[in-house]
Amino acid sequence: RLEATVKAFAEEGVYVFLDIHQDALATTNGGEGLPWWMTAKMQEIAALVPDCPSCTPFDSYIASPQHPLELAVPDWLQETLEMFGADIQPVRTLDAENPWLAYSVGGNAGHPRYMNVGNVNMRANNNDVAWNHGTLPLTRQVQNVAWRFYRSHQFPTEKAAFFDHYVSFVRYLCIV
């Protein structure tokens, strides 16, 4: 029925995007859903984002020692929101020595597919209290991944780099 549903939408000119994430988009930024290799590829080609003159190789798509998990909300906006009662919590770290090494891409300290559960600092930011305060959804990593992921089908290089692989992955999941 999935194929029939997608086809029916396509016949009406509606592009269907199957999004299987559960929270925070990917294991490499504290959540579930997108495979770790997809966000790792985004990080690898961070400077090559089409139609984005402000994108740089320093943009964060994963949490790692080189790309610490951080809020994307500028201080001035956070202060303004707090004046209106919003309680935006900072990213928490329990292991201050090297908080984003364990299970990071290229960190050689555990497989990145387990970063969301294996890295104690990720767990400190992915719980009910943190979700109630919007910690993970407001991180630079989640914001960058979401923006890039949801527009990737429009650009041939992005489509080939990770979108098509993701679609194959979802199709595989639908048949197992």
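The structure under discussion appears in the preceding block.
Residues numbered from 1 in each chain as written. Predicted model: local features only at pLDDT ≥ 70, side-chain atom pairs only at ≥ 80, totals over all residues. Heavy atoms only, no water.

For the chain, the helix and strand inventory stands at eight helices and zero strands. Secondary structure of the chain in N-to-C order comes out as α-α-α-α-α-α-α-α. For 176 residues, the compact-globule estimate of 2.2 N^0.38 gives 16 Å, and the C-alpha radius of gyration of the chain, at 17 Å, lies within 12% of that figure. Here the chain holds 176 residues, and 39% of them are scored as buried. Carbon and sulfur atoms form 56% of the exposed surface of the chain, whose accessible area is close to 10,000 Å². Charge-centre separation for the chain: the mean point of 11 positive side chains lies 9 Å from the mean point of 19 negative side chains. (Helix = DSSP H or I, 4+ residues; strand = E, 2+ residues; numbered from the N terminus. Rg over C-alpha atoms; globule rule 2.2 N^0.38 Å. Buried < 20%, exposed > 50% of the residue type's maximum accessible area, 1.4 Å probe, protein only. Areas by Shrake-Rupley, 256 points an atom, 1.4 Å probe, with all protein chains shown as cover. Lys, Arg positive; Asp, Glu negative; His and termini not counted. Charge placed at Lys NZ, Arg CZ, Asp CG, Glu CD.)

The next subject is the pattern of salt bridges. One pass over the full model with this rule turns up four salt bridges. Between Glu44 and Lys41 there is a salt bridge whose closest N-O contact spans 3.3 Å. With Glu44 and Lys41 both in helix H2 (residues 36-44), this residue pair falls three residues apart, about one helical turn. Judged by its relative accessible area of 60%, Glu44 falls in the exposed class. Taking relative accessible area as the criterion, Lys41 reaches 26% and is therefore assigned partly exposed. Note that Glu158 is salt-bridged to Arg148, the shortest N-O span being 2.6 Å. Of the two residues, Glu158 is situated in helix H8 (residues 156-175) and Arg148 in helix H7 (residues 140-151); the sequence distance between them amounts to ten residues. Arg148 carries the same exposure label as Glu158, and that label is buried. (Salt bridge = Lys/Arg side-chain N within 4 Å of Asp/Glu carboxyl O.)

All right, on to the packing of H2 against H7 then. Two elements in contact, H2 and H7, have axes separated by 11 Å at closest approach and are oriented at 95 degrees. With respect to each other, H2 and H7 are oriented roughly perpendicular. Of the residues in H7, those in contact with Met38, Thr39 and Met42 of H2 are Val145, Arg148 and Phe149. When its residues are assigned to classes, the contact of H2 with H7 shows four nonpolar, one polar and one charged. (Axes fitted to C-alpha atoms, helices over the stretch in contact; angles between N-to-C directions. Parallel < 35°, antiparallel > 145°, perpendicular 65-115°, else oblique. Contact = heavy atoms within 4.5 Å. Nonpolar A, V, L, I, M, F, W, Y, C, P; charged D, E, K, R; others polar.)

Moving on to the state of the cysteines. Under the criterion given, the structure shown has one disulfide. Residue Cys52 pairs covalently with Cys55 via a disulfide, S to S 2.0 Å. Residues Cys52 and Cys55 are joined through a disulfide that is right-handed, its torsion about the S-S bond being 80 degrees. Across this residue pair, the class does not change: Cys52 and Cys55 are buried. (Disulfide = S-S within 2.5 Å.)

What follows covers unusual backbone geometry. Unlike most non-glycine residues, Asp51 shows phi in positive territory, near 55 degrees. Mapped onto the secondary structure, Asp51 falls in the loop between H2 and helix H3 (75-83). Take Asp51: its relative accessible area is 64%, and that puts it in the exposed class.

Turning next to the side chain of Gln141. Mapped onto the elements, Gln141 comes out in helix H7. Separated by 3.4 Å, the side chain of Gln141 and the backbone oxygen of Ile62 make a polar contact. At 3.0 Å, the side chain of Gln141 forms a polar contact with the backbone oxygen of Pro68. (Polar contact = N/O pair within 3.5 Å; in protein donor to acceptor, adjacent residues only side chain to side chain.)

To continue, consider a negative patch on the surface. A surface patch of like charges, here negative, comprises Asp75, Glu79, Glu82 and Asp87. Mapped onto the elements, Asp87 comes out in the loop between H3 and helix H4 (115-118). Residue Asp87 is classed as partly exposed on the basis of its relative accessible area of 40%. (Patch = residues over 30% accessible without salt bridge, like charges linked within 9 Å, V, L, I, M, F, W, Y side chains within 5 Å.)

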